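Coordinate inspection notes
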Amino acid sequence: MLSCVIHGAHDLRLENRDVPEPGPNEVLIHLGAGGICGSDLHYFHEGGVADFKIKEPMILGHEVAGEIVKRGADVTSLKAGDRVAVNPARYCGVCDQCRAGRGNLCKNVYFFGSASKYPHMQGGFAEFFVAAETQCVRLETEISFPEVTCAEPLAVVLHAVNQAGNLNSKRVLVTGAGPIGLLAGLVARFAGALEITITDRFASPLKLASELDMDYALNVVENPDALKQAVSERGEFDIALEASGAVPAMINCLESLGPGGRMVQIGMLSSAQLPFGRILAKELEVVGTFRFYQEYTQAVRLLEKGRINVQPLITHRMPLKSALDAFNLASDKSQSVKVSLVP
Ligand SMILES: [Zn+2]
Ligand SMILES: [Zn+2]
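All of these numbers come straight from a predicted model, not from anything done at the bench.

This part is about the overall build of the protein chain. Each helix and strand counted, the protein chain has eleven helices and 20 strands in total. Taken against the 2.2 N^0.38 rule, which gives 20 Å for 343 residues, the C-alpha radius of gyration of the protein chain at 20 Å falls within 12% of a compact globule. By residue count, 46% of the 343 residues in the protein chain fall in the buried class.

Once that is clear, we can look at the domain arrangement of the protein chain. What the domain assignment reports for the protein chain is domain 1 (2-150 + 310-342) and domain 2 (154-288). Between domain 1 and domain 2, the C-alpha centre-to-centre distance is 28 Å. With 13 residues of domain 1 at the contact, the number on the domain 2 side is 15 residues. Its residues assigned to classes, the side of domain 1 that touches domain 2 shows six nonpolar, four polar and three charged.

Let us now look at helix H11 (residues 323-331). For H11, the set of buried residues is Ala 323, Ala 326, Phe 327 and Ala 330. When H11 is viewed along its axis, its buried side chains cluster within an angular range of 100° and face the same direction. Where H11 is buried, its residues meet strand E1 (2-8), strand E2 (11-16), helix H1 (38-46), strand E19 (314-319) and strand E20 (338-342).

Right, let's talk about the pairing of E19 for a bit. Strand direction decides the pairing type here: E19 and E20, joined by five bridges, are parallel. Paired with His 316 across the strands is Val 339, a residue of E20. Note on the crossover from E19 through H11 to E20: the handedness is right-handed.

Pairing is antiparallel in the open sheet, where three strands are placed in the order E2-E1-E6. Every interior strand has two partners, whereas the edge strands, E2 and strand E6 (58-59), have only one. The sheet contact formed by E1 and E6 spans two bridges and is antiparallel. The residue bridging Val 5 from the neighbouring strand is Ile 59, located in E6.

Here we take up the nonpolar core. Within the largest apolar cluster, 102 residues are counted, with the highest numbers of intra-cluster contacts made by Ala 184 and Leu 241. Among the elements that make up this core, the one with the highest residue count is helix H4 (residues 151-164) (nine residues). Both of domain 1 (2-150 + 310-342) and domain 2 (154-288) provide at least three residues apiece to this core. The residues contacting Leu 241, other than those within four sequence positions of it, are Ala 160, Ala 164, Val 172, Val 174, Ala 184, Ala 188, Val 264 and Ile 266.

With an omega dihedral of -5°, the bond running from Tyr 118 to Pro 119 counts as a cis peptide bond. Along the chain, Pro 119 falls in the loop between strand E10 (110-111) and strand E11 (128-132). A positive phi angle, near 55°, is found at His 10, a position not held by glycine. Residue placement: His 10 occurs in the loop between E1 and E2. Within the chain, Ala 50 stands out as a residue other than glycine whose phi angle is a positive 50°. Tracing the backbone shows Ala 50 in the loop between strand E4 (48-49) and strand E5 (52-53). Here Ala 50 falls in the partly exposed class, since 14 other C-beta atoms lie within 10 Å of it.

What counts, and where the lines are drawn
Residues numbered from 1 in each chain as written. Chains lettered and ligands numbered in written order. Predicted model: local features only at pLDDT ≥ 70, side-chain atom pairs only at ≥ 80, totals over all residues. Helix = DSSP H or I, 4+ residues; strand = E, 2+ residues; numbered from the N terminus. Rg over C-alpha atoms; globule rule 2.2 N^0.38 Å. Buried ≥ 20, exposed ≤ 12 C-beta atoms within 10 Å, placed from the backbone. Domains from an automatic or database assignment. Contact = placed C-beta atoms within 7 Å. Nonpolar A, V, L, I, M, F, W, Y, C, P; charged D, E, K, R; others polar. Arc of directions from axis to C-beta. Pairing = 2+ DSSP bridges. Right-handed = clockwise from strand over helix to strand, strands pointing away. Core = buried A, V, L, I, M, F, W, Y, C linked by C-beta atoms within 7 Å.

Okay, structure coming up:
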């Protein structure tokens, strides 16, 4: 079967691998769609994401959905022909974090297409892949596979917005207008935000942000003072959702939050030098957010019910056999938002 395998930085290969055999509690899934994520692009360009480095060849892909073709002997809730969205995380369920309801911080978690554990857990960018029964959310509607794979980034954002606290009537800043930033804007509005300002370095995602009815879409490269002007005209922000992982954007958040404001760091990075004086002088709260737990199933259902429309974000659908072109296209933020691989 055709598989999209990362060997190291700038070394993504299409390989022919054997179709895996599902274990007793697993199902074999035929790929319906796979969304290329920012973290996949970090593996593609840098051979790792934050502290997770590639140590062995790994099939990429964690935003996946498809149709079950075979089930293991002990699987009872799913059968061949079921359409499923696949939660990429396999939680242990028994560590202290899982028991405390924080499965996203599970100490023994395995995550599709992630080098966080060795041996790495293989991902879903292949014609077929196996998933545990517990990872699968059976679809209740005819939603398309590319749309429902957005459940993964949407779950990330639902968790991040939970970390932000009550957004009702708040003035919200989102830095980064990639898929996560755009979804953060949509979810912030869903959560009752008064006004949403989104920033980016490129014109085309900002145009999309405007089409998605974000109140203000600011280009911080064309106009480096855009945020300063926004603050002096309309006041400081209550909440910042940092979705770029870029240090200048993080500094922008700390500068433009009002006293008592809260910043949620969603974008991945391993270290940054930040103006900590701002944090103490304005009593800012800076909180992290990592993946998701129960939010995955919630995200699937929100998409199925059409409460969040992700169709405008899916700018390209490309066949798995053109994965290299798809990764290059997904890397060009002036050309694409979400690139979806299809069989
Ligand atoms: Zn993702
Ligand atoms: Zn656990």
